[in-house]
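These are the residues of each chain, in order.
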Amino acid sequence: MHRWSQLFIPTLREAPADAEVASHKFLVRAGYIRQLAAGIYSYLFMGQRTLLKIIDIVREEMNTIGQEFLLPALHPRELWEESGRWQVMGDTMFRLKDRKGADLCLGMTHEEVMTQIARKDLRSYKQLPQIWYQIQNKFRDEPRPKSGLIRVRQFTMKDSYSFDIDAAGLDVSYQKHDQVYRAIFDRCGLKYMTVEAHSGAMGGSQSQEFMVMSDAGEDMVASCGMCGYAANLEKASSQLPAAQDLPEDGAGPKEVHTPGMKTIEEVAKFLDVSPTQKIKTLALMQLEDDKKKPGEKKTRPVIVLLRGDHTLNEAKLTTALGGKEFRPMHEEEIQRVFGSPAGYLGPVKVPALSSAGEEIGSVTQRIILEALPLMLADTALKGRKNLVAGANKENYHLKNVTPLRDFHPTEWVDLRNAAAGEGCPNCGNPLVVGTAMEIGHIFKLGYKYSTSMGLSVLDKDGKETKPIMGCYGIGVERILTAAIEQNNDKDGFWLSQTIAPFDVVVTPTNVTDANLLRTAEEIALKLEKTGFDVLLDDRDERPGVKFKDADLVGIPYRINVGKKVTEGKVEVVTRSTRQTTDASIAAIEAQFSEIAQA
RNA sequence: CGGGGCGUAGCGCAGCCUGGUAGCGCACCUGCCUUGGGCGCAGGGGGUCACAGGUUCAAAUCCUGUCGCCCCGACCA
């Protein structure tokens, strides 16, 4: 039994001024955490106790499908050079040097180390499949840590990695994780949803995120209440109602004078057309490492065409560009490619790689083709007619612009952001867009690390084969923050009994009354014997102080030991509902067990 | 990295404009009192006013620089 009077639970009456979201305010006020630096927190008694309970659940469930490892947090540079990520990770990676001057980093994820182990000791297909996991600290020098424990620079992650002989095997490992993750989040008492996720720069592979809807989150999720479709906005698509085309006005593109009109809105209003009848032309520059000149970037113009009222989805564009970075064109680059200042850009008569599939003949020809701008048109423009676009001439726009007649995009791609109210891609029901917090992610990696780091085993036929990998993550602290975001009121928060630091706090209203204190101690001992985690609030404080603290600190039940003791009764209070039930002291084990689960 | 805000006692803040003994509430310690929703009374401890430099007889206050923290954006396997 823990006695509050002897514990360090530094509760605060007021939230720190710099806390914005509920979980941050309450974690500090309840004495769970204290800040050390931006995005770096100490976990105190109550916080650590809760996190350990979460970890117990994660471990128990993960042990049903995998084996627990513990990898180093400190990694040599060479390992990350092999996968190419020493460069890719940029400033997000914490880097340091040892006494000999050798470069090291703090692990932000562990694909490299896991693959290195697999590479050394996996020899045969007979050893597959394998699922290896660990629960460990991750270090990421985030550009902007924020919202208490929600985005931090050091945190606990359960990360697992699967190795399978083929894609069918990976499917099984992936499904196992899906099942286990659901079991974990269910047991932690979270309301969550799963969404299709952007697969990142590597493209193609399947990926699913576990999301908790919350304004404190950092992701946008589009979902359908009818058929259950849900996707991260980075990935979501939608059905659009047919847009009205303008009537043909003469033959072919026609210049119109639009003096000083630069924005879609201005031009649409001036010409009395809808933005849906306009083409939005974005001038971007793709960046790629120059193999001939290390450290320098090779550029290639990318022209993106969207319907006037749509916005570019950068994740989708990154995927379309095969994971390459991009940036907006500089003014002089726009002049060079379009021959016009920004504000009057359009696709007509701009030299770009056409989709007509030019035969790649001579070397010279290939070099020319590789230098041509890419023109990527959003699928919402497909089949449209008589649109308005910039004329690539200052103060002029073009009417009657029809795709495939007046310009030929390199490729048609889904590049736009889906928006609330648009039709679900599966069933057409209007989509809802909301804010969410990511608590887990399962991801089919494919052969990225097997290839870059040279992992192979012998198959049945004695032939070298690359195992296919998956990786799977859970943010341990995010389970706690999500739970608090979901379950709080003005006085504090309540956790599911499975993860709360204690099941119940026993509160004698006055410890100077020997009878009350003794009764409370007896109840606490009995409940502890029954299997509950019990906190006895034996502090010599007024009842109001103890009730306020009990409401604050996340414990799901409270037992008031007060004046009804003379009748042989105490009160059991459920924190979430504040429902109060009288229980008999003599039968407290049974009566409390009926309300809570032992 | 761009924009904004803030650094004064453990927490929340005032004082700064107009330079002159560093304050308030909560928390903390002692005593009395009180005991079902952050009691009351009395006494008390605690601060290099983020740091460095400058101006001045005198700097929390004015000037310059640096650092830290928060928010918005950019960024984010």
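Predicted, not measured: the structure shown is a model, and the values here were computed from it.

So, how was this worked out
- Residues numbered from 1 in each chain as written.
- Chains lettered and ligands numbered in written order.
- Predicted model: local features only at pLDDT ≥ 70, side-chain atom pairs only at ≥ 80, totals over all residues.
- Heavy atoms only, no water.
- Helix = DSSP H or I, 4+ residues; strand = E, 2+ residues; numbered from the N terminus.
- Buried < 20%, exposed > 50% of the residue type's maximum accessible area, 1.4 Å probe, protein only.
- Contact = heavy atoms within 4.5 Å.
- Lys, Arg positive; Asp, Glu negative; His and termini not counted.
- Charge placed at Lys NZ, Arg CZ, Asp CG, Glu CD.
- Pairing = 2+ DSSP bridges.
- Domains from an automatic or database assignment.
- Salt bridge = Lys/Arg side-chain N within 4 Å of Asp/Glu carboxyl O.
- Phe/Tyr/Trp six-rings, centres within 6.5 Å; stacked < 30°, edge-to-face > 60°.
- Lys NZ or Arg CZ within 6 Å of the ring centre and 35° of its normal.
- Near = heavy atom within 4 Å.
- Polar contact = N/O pair within 3.5 Å; in protein donor to acceptor, adjacent residues only side chain to side chain.

Visitor: Sorry, what's going on with the overall build of chain A here?
Guide: Helix and strand counts for chain A come out as 15 helices and 33 strands. Seen along its three principal axes, the alpha-carbon backbone of chain A occupies a region of about 95 × 65 × 45 Å. Out of the 598 residues belonging to chain A, those deemed buried represent 51%. For chain A, long-range pairs separated by at least 24 residues make up 70% of all intrachain contacts whose partners lie at least 6 apart in sequence. A gap of 1 Å separates the mean positions of the 75 positive and 81 negative side-chain charges of chain A.

Visitor: Any chance you could explain the sheet that holds strand β30 (residues 553-554) here in plain terms?
Guide: Strand pairing in a sheet relies on backbone hydrogen bonds. The paired strands run either parallel or antiparallel. Taken together, 3 strands build an open sheet; the order of strands is β26-β27-β30 and the sheet is mixed. If you trace the sheet from one side to the other, it starts and ends with β26 (488-489) and β30, each paired once. The pairing of strand β27 (residues 492-494) with β30 spans 2 bridges and is classified as parallel. When the bridges of β30 are listed, phenylalanine 493 appears paired with valine 553.

Visitor: When you look at the pairing of strand β7 (residues 103-106) in this model, what are you seeing that I'm missing?
Guide: On a regular strand, each side chain points to the face opposite its neighbour's, so the side chains alternate between the two faces of the sheet. The pairing of strand β5 (residues 74-76) with β7 spans 3 bridges and is antiparallel. Looking at the pairing, leucine 74 lines up with leucine 106 of β7. In the sheet, strand β6 (residues 95-97) pairs with β7 via 3 bridges, with the strands oriented antiparallel. Bridge pairing in β7 links leucine 96 to leucine 104.

Visitor: What am I meant to see in the domain arrangement of chain A here?
Guide: One frequent convention defines the size of an interface as the accessible area lost when the parts assemble. Segmentation of chain A into domains returns domain 1 (17-73 + 107-237 + 432-484), domain 2 (254-413) and domain 3 (502-597). In this structure, domain 1 and domain 3 have C-alpha centres spaced 38 Å apart. If you look at the interface, domain 1 gives 8 residues, while domain 3 gives 6 residues. Here domain 1 is connected to domain 3 by 2 salt bridges.

Visitor: Looking at this structure, I do not really get the side chain of aspartate 378. What am I missing?
Guide: Among the secondary structure elements, aspartate 378 is positioned in strand β18 (residues 374-378). Judged by its relative accessible area of 0%, aspartate 378 is buried. In contact with aspartate 378, not counting residues within four places along its chain, are Leu305, Leu306, His310, Trp412, Val413, Asp414, Leu415 and Arg416.

Visitor: Help me out: how do you make sense of the packing of aromatic side chains in this one?
Guide: When we look at a pair of aromatic rings, we describe it by the centre distance and by the angle of the planes. This structure, assessed with the given rule, holds 12 aromatic pairs. Consider the rings of phenylalanine 532 and phenylalanine 592, whose centres lie 4.8 Å apart with planes at 70°: the pair is edge-to-face. Pair noted here: phenylalanine 532 is in the loop between α13 (514-530) and β29 (534-536) and phenylalanine 592 is in helix α15 (residues 588-595), with a separation of 60 residues, a long-range link. Among the residues examined, phenylalanine 532 registers a relative accessible area of 2% and is labelled buried. Linked through ring pairs, Tyr181, Phe185, Tyr192 and Phe210 together constitute an aromatic cluster. The lysine or arginine in question, arginine 539, covers the ring of tryptophan 4, its NZ or CZ lying 4.1 Å from the ring centre.

Visitor: For this particular structure, what's the right way to read the protein's contact with RNA strand B?
Guide: Taken together, 38 residues form the shell around RNA strand B, and within it Arg13, Arg140, Arg144, Asp551 and Glu571 come nearest. Here RNA strand B approaches the protein such that, of its atoms within 4 Å, sugar and phosphate make up 48%. Within the side chain of glutamate 14, an N or O atom sits 3.2 Å from a sugar or linking oxygen of RNA strand B. Within the side chain of arginine 151, a nitrogen or oxygen atom sits 3.2 Å from a base oxygen of RNA strand B. When contributions to the surface near RNA strand B are tallied by element, the ones reaching two or more residues are β2 (33-37), α14 (543-552) and β31 (557-561).

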